[in-house]
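Reading the structure
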Amino acid sequence: MKIKLLFSGLFTIIFSASQAQNLNLRINEIIASNQNGTSDDFFQKDDWIEIYNPAGSPITNLAGYYITDDPANLVKWQIPNTNAGVTTMLPNSFKALWIDKDPEQGEDHVDFTLSVDGETLLLVAPDMTTIIDSVTFPEMATDVSYGRSCDGCPDWQYFNNVTFEDNNAEMQASDLLFINEVQTVNISTYDDRQHEYDPWIEIHNPNSFQINLANYYISVNGDPLQWQIPGDAPYRTVIPAGGFKLIWFDNDIADGPTHAPLALNTSGGTIVLTGPDGTTTSDTYTYGNIAANTSYGRQSDGAPTSITFTAPTPSVTNTLVFITPENLYINEVLAANSTDTLDNAGQTEDWVEIYNPNNFPVYLGGYYLSDNSENPSKWMIPTSFPDSVTIGANSWLLFWTDADLSQGVRHADFRLKNNGEYVGLFSPDGFSIADEIDWEHIDTDTSLGRQTDGSETWVYFSSTTPEYSNNQGTIDVKESELSSIIFYPNPTDNIITTSTLSDFVVMDLAGNVVMQSNRTRSIALGQLSPGIYLVKDKEGRVVRVSKI
């Protein structure tokens, strides 16, 4: 009887402690693209977040707490109370919750997914109103986590060594890498994301695992620590297993972490790549005078001998066999699909339409689609079902950009953004461009497409034309009329502001002038009905503004 009473009392103590709202809990680490990391109990590599219960805190049952990625809906998903063994945390312990939209797989599987582009996560108390912790994480790279610099600390950083249900600590090795190719005078060979032709070096990762170039050092002046690659954007600095990464020598660090504040000597020099420890030399490469629009690189990737390339191979293997793509066009893009076309799974996903203007069908198996111009071979169109990826003569074919390969061979392994994005179609060599397009903004359920199939003029379509001719589509406003003028915030519920003092007219989509403001930087739109408007300055530049 005493033993029973003892266990009963102990259970009561633990139960009571676990039911009190623990305001010390912290979101400790996040991974939003898990491909080669820890698997869940169903052998699936899903995204996850880690909760930390600090030392000195009570035993806590997470049942009843809420996880949400919507600040306007604090009770989006509640941790179930059906298995305390899964949801109870001891002091100074960690608990991973799988963010996989598979709640049927257990109490630690959350009923939504994470965006690799970044979003806000909140941990909410059982009272449904108290926000215990929150974090807004930035754009993420595959298999790189974002976590507190130490468990429960206020500062956050990226981790190359993911610490699943363990103490947060960065341990970045100095791995084997090769400086693989150099171009010192780039007049028209290969442009960067800003469409600028700048000098570059190519770094090759020969390993069977990805390497993040963040925190490595590059030198061209003999000082091995001359410049350290920034660690704040791993989605730009990670080199896939067996892959390549360009470093641009353009002295334009505002363009991102792969743009060095250095210059390559056009008459020759030595480049040194040093590991994150600041002492281990990963590679040294010496080059001489290189003619314009040619490059100098290793005869094969990582080889000890080097040759001159009259056809440079940036971002791909030095032994590339060039394959000329068929005449094909990216014809239309929908980057924010809310109520538009449904895919084969009944979901409103974003899409890219390819147009074949030839009088013969074109098989696209082995071609590549990419949302990163510096990684043209990001996703290869599968060859397993040829009929599904063949475009008939003078026909169109949709590819869904939903990062859901389980739904078929026309579902690409990436998602598009409607604000500032790129998409390219590349030949089976993974390098030669069939077609490409980038944009600054596309409205929800509005597509960006060629005014007529295959034409040079791009327009917005208020009524999209998936797998159908653009020639009779309802045109919204021409892309060529848009400019770099920027108003913020956009969308807005009232005042928009720009840095340029000018005269402005505000028009509806039919071209009717609804407002006019002279010599101003701000326009008050509060009196207008919600919708899309065009703002034109005195130079004739036009920008689209969303009034909410």
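Just so it is clear, the model here is predicted, and its values are computed rather than measured. The residue numbering used here restarts from 1 in each chain and proceeds along that chain's sequence as written. Only residues with pLDDT of 70 or above have their local features reported here, since the model is predicted, and side-chain atom pairs are shown and tallied only from 80 upward, although totals for entire chains, interfaces and linings are computed over all residues. Processing note: side-chain calculations cover all non-hydrogen atoms of the structure and skip hydrogens and water entirely.

Turning our attention to the overall build of the protein. Regarding its fold elements, the protein presents 3 helices and 41 strands. Note on method: radius of gyration uses C-alpha positions; expected globular size equals 2.2 Å times residues raised to 0.38. For 548 residues, the compact-globule estimate of 2.2 N^0.38 gives 24 Å, and the C-alpha radius of gyration of the protein, at 27 Å, lies within 12% of that figure. Summarising its shape, the C-alpha atoms of the protein cover approximately 90 × 65 × 55 Å along the three principal directions. In the protein, the share of contacts with a sequence separation of at least 24, taken over all contacts with a separation of at least 6, comes to 57%. Secondary structure follows DSSP: runs of H or I at least 4 residues long count as helices, runs of E at least 2 residues long count as strands, and numbering of each begins at the N terminus. Two residues form a contact once any of their heavy atoms are found within 4.5 Å.

Attention shifts here to the packing of aromatic side chains. Only rings of Phe, Tyr and Trp enter the pairing, Trp through its six-membered ring, and a pair is recorded when the two centres are within 6.5 Å. The plane angle decides the type: under 30 degrees is stacked, over 60 is edge-to-face, the rest tilted. Counting across every chain of the model gives 12 aromatic pairs. On the basis of an interplanar angle of 25° and a centroid distance of 5.1 Å, the ring pair of Tyr52 and Phe94 is categorised as stacked. Here Tyr52, found in strand E2 (residues 48-53), pairs with Phe94, found in strand E7 (residues 93-99); they are 42 residues apart in sequence, far enough to count as distant. Like Tyr52, the residue Phe94 is buried in the burial classification. Judged by centre distance (6.3 Å) and plane angle (70°), the rings of Trp379 and Phe399 are edge-to-face. Note that Trp379 is positioned in strand E29 (residues 379-380) and Phe399 in strand E31 (residues 395-401), a separation of 20 residues in sequence. Each member of the pair, Trp379 as well as Phe399, is classed as buried. By the ring-pair criterion, three or more aromatic residues cluster together here, those being Tyr190, Trp248, Phe322 and Phe431. Lying over the aromatic face of Phe112, Lys76 brings its terminal NZ or CZ to 4.8 Å of the ring centre. To sort residues, take the accessible area from a 1.4 Å probe on protein chains only and compare it with the maximum for the residue type: under 20% means buried, over 50% means exposed, and anything in between is partly exposed. Put simply, a charge is over a ring when the Lys NZ or the Arg CZ is close to the ring centre, within 6 Å, and near the line of the ring normal, within 35 degrees.

Once that is clear, we can look at the state of the cysteines. One way to say it: the disulfide is the covalent bond shared by the sulfur atoms of two cysteines. Disulfide: a pair of cysteine sulfur atoms within 2.5 Å of each other. Applying the stated criterion across every chain, the model contains 1 disulfide. The partner cysteine of Cys150 in its disulfide is Cys153, sulfur to sulfur 1.5 Å. Classification of Cys150 by relative accessible area gives partly exposed; the value is 33%. Classification of Cys153 as buried rests on a relative accessible area of 16%.

The buried fraction of strand E14 (residues 200-204) is high, at 5 of 5 residues. The alternating pattern of E14 places Trp200, Glu202 and His204 on one face and Ile201 and Ile203 on the opposite face, and all of these are buried. Two elements, strand E13 (residues 178-183) and E14, share 5 bridges in a ladder whose sense is antiparallel. Bridge pairing in E14 links Val182 to Ile201. Paired strands are those between which DSSP finds at least two bridges.

Time to look at the sheet that holds strand E33 (residues 419-426). Spatially, the 4 strands line up as an open sheet ordered E29-E28-E33-E34, and their pairing is antiparallel. With one partner strand each, in any of the chains shown, E29 and strand E34 (433-441) form the two edges of the open sheet. Two elements, strand E28 (residues 368-370) and E29, share 2 bridges in a ladder whose sense is antiparallel. From the neighbouring strand, Leu369 faces E29, where its bridge partner is Trp379.

Take Thr452: it is sitting in the loop between strand E35 (447-450) and strand E36 (458-463). A sequence separation of 19 residues divides Thr452 from Asn471, and the C-alpha atoms of the two residues are 4.6 Å apart.

Moving on, we come to the pattern of salt bridges. A side chain with one charge may pair with a side chain of the opposite charge, provided their charged atoms come close. Any carboxyl oxygen of Asp or Glu within 4 Å of a side-chain nitrogen of Lys or Arg constitutes a salt bridge here. On inspection of all chains with the given rule, the structure shows 8 salt bridges. Arg410 is the partner of Glu467 in a salt bridge, and the nearest nitrogen-oxygen pair spans 3.5 Å. Of this pair, Glu467 sits in the loop between E36 and strand E37 (474-478) while Arg410 sits in the loop between E31 and strand E32 (411-412), and the two are 57 residues apart along the sequence. Judged by its relative accessible area of 24%, Arg410 falls in the partly exposed class.

Here the focus is unusual backbone geometry. Non-glycine residue Glu165 carries a positive phi angle of around 50°. Residue placement: Glu165 occurs in the loop between strand E12 (156-159) and E13. Since its relative accessible area comes to 36%, Glu165 is described here as partly exposed. Non-glycine residue Ala403 carries a positive phi angle of around 55°. The topology assignment puts Ala403 in the loop between E31 and E32.

Turning to the environment of Glu50, a few remarks are in order. As for its placement among the helices and strands, Glu50 is situated in strand E2. With 93 residues separating them along the chain, Glu50 and Asp143 place their C-alpha atoms 15 Å apart. Those residues in contact with Glu50 that sit more than four places away from it in its chain are Arg26, Ile27, Asn28, Glu29, Phe94, Lys95, Ala96, Thr163, Phe164, Glu165, Asp166 and Asn168. Pairs of N or O atoms within 3.5 Å make up the polar contacts considered here, provided that, within protein, one atom can donate a hydrogen while the other can accept it, and that residues adjacent in sequence are counted only when both atoms are side-chain atoms. Of the polar contacts made by the side chain of Glu50, one reaches the backbone nitrogen of Glu165; its length is 2.7 Å. Within polar-contact distance, the side chain of Glu50 engages the backbone nitrogen of Asp166 at 3.4 Å.

Here we come to the side chain of Lys95. Looking at the element boundaries, Lys95 is found in strand E7. Buried and unpaired, Lys95 has Glu165 as its nearest opposite-charge partner, separated by 5.1 Å. A polar contact of 2.7 Å, which involves the side chain of Lys95, links it to the backbone oxygen of Val86. For Lys95, the contacting residues outside a window of four places in its chain are Ile49, Glu50, Ile51, Leu62, Val86, Thr88, Met89 and Glu165. The sign given to each residue is positive for Lys and Arg and negative for Asp and Glu; His and the chain ends receive no count.

Note on scores: pLDDT gives the predictor's confidence for each residue, bounded by 0 and 100. Of all residues in the protein, 94% attain a pLDDT of 70 or more, and the chain-wide mean is 91. Considering only residues more than four positions removed or in separate chains, one finds that residues 1-18, a stretch of pLDDT under 50, has 6 contacts.

What holds strands together in a sheet is hydrogen bonding between their backbones, with the strands either parallel or antiparallel. If you walk across this open sheet you meet the 6 strands as E20-E19-E14-E13-E23-E24, and the pairing is mixed. Each edge of the open sheet carries a strand with a single partner, namely strand E20 (259-260) and strand E24 (306-309). Bridge count between strand E19 (residues 244-249) and E20: 2 bridges; the pairing is parallel. Looking at the pairing, Trp248 lines up with His259 of E20.

Once that is clear, we can look at the environment of Gly278. Within the secondary structure, Gly278 sits in the loop between strand E21 (269-274) and strand E22 (281-287). On the basis of relative accessibility, which here comes to 19%, the residue Gly278 falls in the buried class. In sequence terms Gly278 and Val535 are 257 residues apart; their C-alpha atoms lie 51 Å from each other. Discounting residues that sit within four places of it in the chain, Gly278 has contacts with Tyr217 and Leu225.

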